[in-house]
Amino acid sequence: MAQHARPERNSKEGNTAEPERALPILPVRDTVLFPHAVLPLTVGRESSVQLINSLGEDKTIVVVAQREARVDAPQPADLYTIGTLAIVHKVVKMPNQSLFVFAEGLERVRLGEFTQLTPFMRGQVETVPEALPPKSSELEALQRNVLTLFQQIVAGSPTLSDELSTVAMNIEEPGRLVDFIASSLPSLSTADKQDTLETSDVRVRLEKINQHLAKELEVQQLRNKIQSEVQDRVQQTQREYYLREQMKAIQKELGEQDEGQRDIEELRQKIEAAGMPDEVKKEALKELGRLSRMSPMAADYSVTRNYIEWLAVLPWARTSGGDVDIVKAKEVLDTDHYDLKKVKDRILDYLSVRRLKPTMKGPILCFVGPPGVGKTSLGKSIARALGRKFVRISLGGVHDEAEVRGHRRTYIGALPGQIIQGIRRAETKDPVFMLDEIDKVGRDFRGDPGSALLEALDPEQNASFRDNYLDVPFDLSKVLFITTANVLDTISEPLRDRMEIIELQGYTEEEKIHIAFQYLIPRQIEENGITPEQIEFPEKSVSTIIAHYTREAGVRNLERNIGTICRKQARRLAEGKTGKLMVTPQVIQEFLGGIKIRAEGEIAERTKRAGVVVGLAWTPSGGDILFVEANVMKGKGGFTMTGQIGQVMQESMQAALTWVRSNALQLGISENFFAEHDIHIHVPAGAIPKDGPSAGITMATALVSLLTNRPVRPLTAMTGEITLSGNVLPIGGVKEKVLAAKRTGVRDVILPAENKTNVEEDLTPEQLENIQIHYVKTINEVLEVALPSTPIEERQDAEEREKVLTEQTVG
């Protein structure tokens, strides 16, 4: 509130205090009335209104500040002890029943005893005399300094009137000067004003107000500096804006455009030429409009521009086009890959249907097979046969859902997912899109990429695939998705349900030889810098590498070994030996080391003893053989199973033992034998986990062979699940198991009768060459084939086994 000085009236300054007198006391909030100042007061409290109304001819009151402004009904303890004696000059009634009072301060007083508390306070007061210091140069310097600081503050403040400086210059008494300045400074707090009021020593009062003024001047200068800097920046921005507008106007007159406008126009042309659906085009033009109104310096400018560029560059309407020649496509597939008849037939069927119905949706194929059988290279071959672009992304080890569906645009560095990025690289909306290693997708706190793929790999949904970054639908229904996997177990059931599973089994030795001569050897000769005239691989040598240096379903290790031999020849040529290298078994041993695998010899050697039988197993890398060994010792009927076998396999062992014990008399085994002996079955190698029911007949045969002391026939292997009643149930992985048997030199394979259809469908006559398949329905039929029934047959088996071992030794 503004306070104004008045000429001194009835001054009673002196060194002696006047006697106490009882006066009405008016408490005020956040206000301090100084002597010789007029203060407008708003009186609203009922007690205060009654006090003003009770005044007669004597208009003298005491104005005292409250210690806490929040107290509505102050008591004596809530008031400061020093106040100001004042006289009320004018009272104005307000519409809200409050009063507007003009009071003039007369002198400082100290509150004494309160004589009345209701309806308003009345108490004894005594005058507080001022302690006037003697005049001195130091006092005058202090007074002048205070006046100068006050004048500087008034000059620099937009809210203080210049008249205050004039009034202050006309006040000669230092005490009145301090009171006037303290009442005029709006920045001085109520506590500081009260402190000034309570200080009776004029010199001390001058020093205190001097400190306040110095601080206020410093704050004012800082504020003015900040305001000046802000104003300069605003003026600079406005200046740049005006200059830009002028430049635009000049360029418009000259028929030119600035770089930003050219960018906007280029993006608009790209959007028009992209062939977007109406919904997407509307969104793109909306974002382009936002971009055109943005300053290039804005934080969102580059984000919006990148988004529009992504929308404009995607192939919304571009396709590979052109009809596909079915005959030519078949030639391409046959040229690039040997065999794989099922896959090739499925691709040619798709091409035939697409020729009849161009609007058909692309199939989603899943190639499942062991490593090295050509799943990934088959995808490239399919793209070449279709005349389409090929895009491949590897999902192995991907844990983040955003890798598939992109990030929201709100994130820094956000990008679309790998699917949309692949479509952009392909530059057509119907590429062959390979998702490699889909069985190795991970999941963690960042999301489940496998679940994110459900939309993309569903023909009913992917026509409106929404990437998180683009947030507009993109049609993936024309894309030919091909996924690859080694196993199906790790793929979720909903995802597996959306894909057409095509299994790629391993290759036989004959197929590997064909692949080696048609693809692997020419490729390795070229990659190692030699020519076909400098090295020759006879078929027998390739067969030796396959049989004794690799044991795999695919051809990766075979190619690796061929590459090693080619590198050795390259080294020989570099050393000056220019003769042609004929790769003989001796050269192979020299370059690749001694024979690594002796399959036939191993089977013949290990099955010499009764109780050892060869089983067939399926693994993610193709089929393989495993040995089941049984032994017996004196004991109390114990049964031990070892070899890191799973729960299902242990149950198969128990079922096999139960069948043998229940048929002991028929098999020529004493009934008391099991009570007096312990039996141990072991499945090497012990470090490899094994599980599944398909070794049931193998375990039963091993037990019967052991307990009847009849070694199994040489080069015989078997697979099948056994029941307690002796029936043989079908199993899976027939092709892989039969090929594994052939790779290792097995000649007789025992299979469940119900798997005969699988053999006829999946295996060609060439693959079954030199192998005899025995189909069985019961375990008795298995034993008839696997075990010799007469001493003559036993001698014949022993002679055949020795013959195999002798051939291996000579080899």
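Structure: see above.
Owing to the predicted nature of the structure, the values given are computational and were not obtained by experimental measurement.

Rules behind the numbers
Residues numbered from 1 in each chain as written. Predicted model: local features only at pLDDT ≥ 70, side-chain atom pairs only at ≥ 80, totals over all residues. Heavy atoms only, no water. Helix = DSSP H or I, 4+ residues; strand = E, 2+ residues; numbered from the N terminus. Polar contact = N/O pair within 3.5 Å; in protein donor to acceptor, adjacent residues only side chain to side chain. Contact = heavy atoms within 4.5 Å. Pairing = 2+ DSSP bridges. Axes fitted to C-alpha atoms, helices over the stretch in contact; angles between N-to-C directions. Salt bridge = Lys/Arg side-chain N within 4 Å of Asp/Glu carboxyl O. Buried < 20%, exposed > 50% of the residue type's maximum accessible area, 1.4 Å probe, protein only. Parallel < 35°, antiparallel > 145°, perpendicular 65-115°, else oblique. Left-handed = near helix turned anticlockwise from the far one by under 90°. Nonpolar A, V, L, I, M, F, W, Y, C, P; charged D, E, K, R; others polar.

Structural notes on the side chain of arginine 713
Part 1 of the reasoning: For arginine 713, the position within the fold is in the loop between helix H24 (696–708) and strand E21 (716–718).
Part 2 of the reasoning: At 2.8 Å, the side chain of arginine 713 forms a polar contact with the backbone oxygen of valine 785.
Part 3 of the reasoning: Not counting the four nearest positions on each side in its chain, arginine 713 is found in contact with Glu784, Val785, Ala786, Leu787, Pro788, Glu793, Asp797 and Arg801.

Some thoughts on the sheet that holds strand E13 (residues 480–485)
Part 1 of the reasoning: Spatially, the 5 strands line up as an open sheet ordered E9-E10-E13-E8-E14, and their pairing is parallel. What marks the edges here is a single partner per strand, and that holds for strand E9 (390–394) and strand E14 (500–503). Between one strand axis and the next, the sheet turns by 20° as a mean value, whatever way the strands run.
Part 2 of the reasoning: When strand E8 (residues 364–368) meets E14, the two strands line up parallel, connected through 4 bridges. Pairing of leucine 365 across the sheet is with glutamate 500, part of E14.
Part 3 of the reasoning: Against the sheet, helix H14 (residues 418–426) touches E9 and strand E10 (432–436), its axis set at about 155° to E9.

Topic: the pattern of salt bridges
Part 1 of the reasoning: Summed over all chains, the structure comprises 32 salt bridges.
Part 2 of the reasoning: The closest approach of N and O atoms between arginine 29 and aspartate 72, which form a salt bridge, is 3.2 Å. Within this pair, whereas arginine 29 is found in the loop between strand E2 (21–28) and strand E3 (37–43), its partner aspartate 72 is found in the loop between strand E4 (60–65) and strand E5 (82–93), the two being separated by 43 residues in sequence.
Part 3 of the reasoning: Look at arginine 29 and you get partly exposed, because its relative accessible area is 34%.
Part 4 of the reasoning: The salt bridge partner of arginine 466 is glutamate 279, with a shortest N-O separation of 3.4 Å. One end of the pair, arginine 466, is in strand E11 (residues 465–466); the other, glutamate 279, is in helix H8 (residues 278–293), and 187 residues separate them in sequence.
Part 5 of the reasoning: According to the relative accessible area criterion, arginine 466 is partly exposed, its value standing at 33%.
Part 6 of the reasoning: It is possible to trace a salt-bridge network through shared partners that takes in Arg108, Glu130, Asp179 and Arg205.

Comments concerning the packing of H24 against helix H27 (residues 779–786)
Part 1 of the reasoning: Put simply, H24 and H27 touch, their axes get as near as 10 Å, and they point 60° apart. Judged by the angle between their axes, H24 and H27 are oblique. Read as a crossing pair, H24 and H27 show a hand that is right-handed. Contact with H24, carried on its side by Ile697, Ala700, Thr701 and Val704, involves Ile779, Val782, Leu783 and Ala786 of H27 and no other residues of that element.
Part 2 of the reasoning: A class-by-class count of the residues in the contact of H24 with H27 yields 7 nonpolar, 1 polar and no charged.

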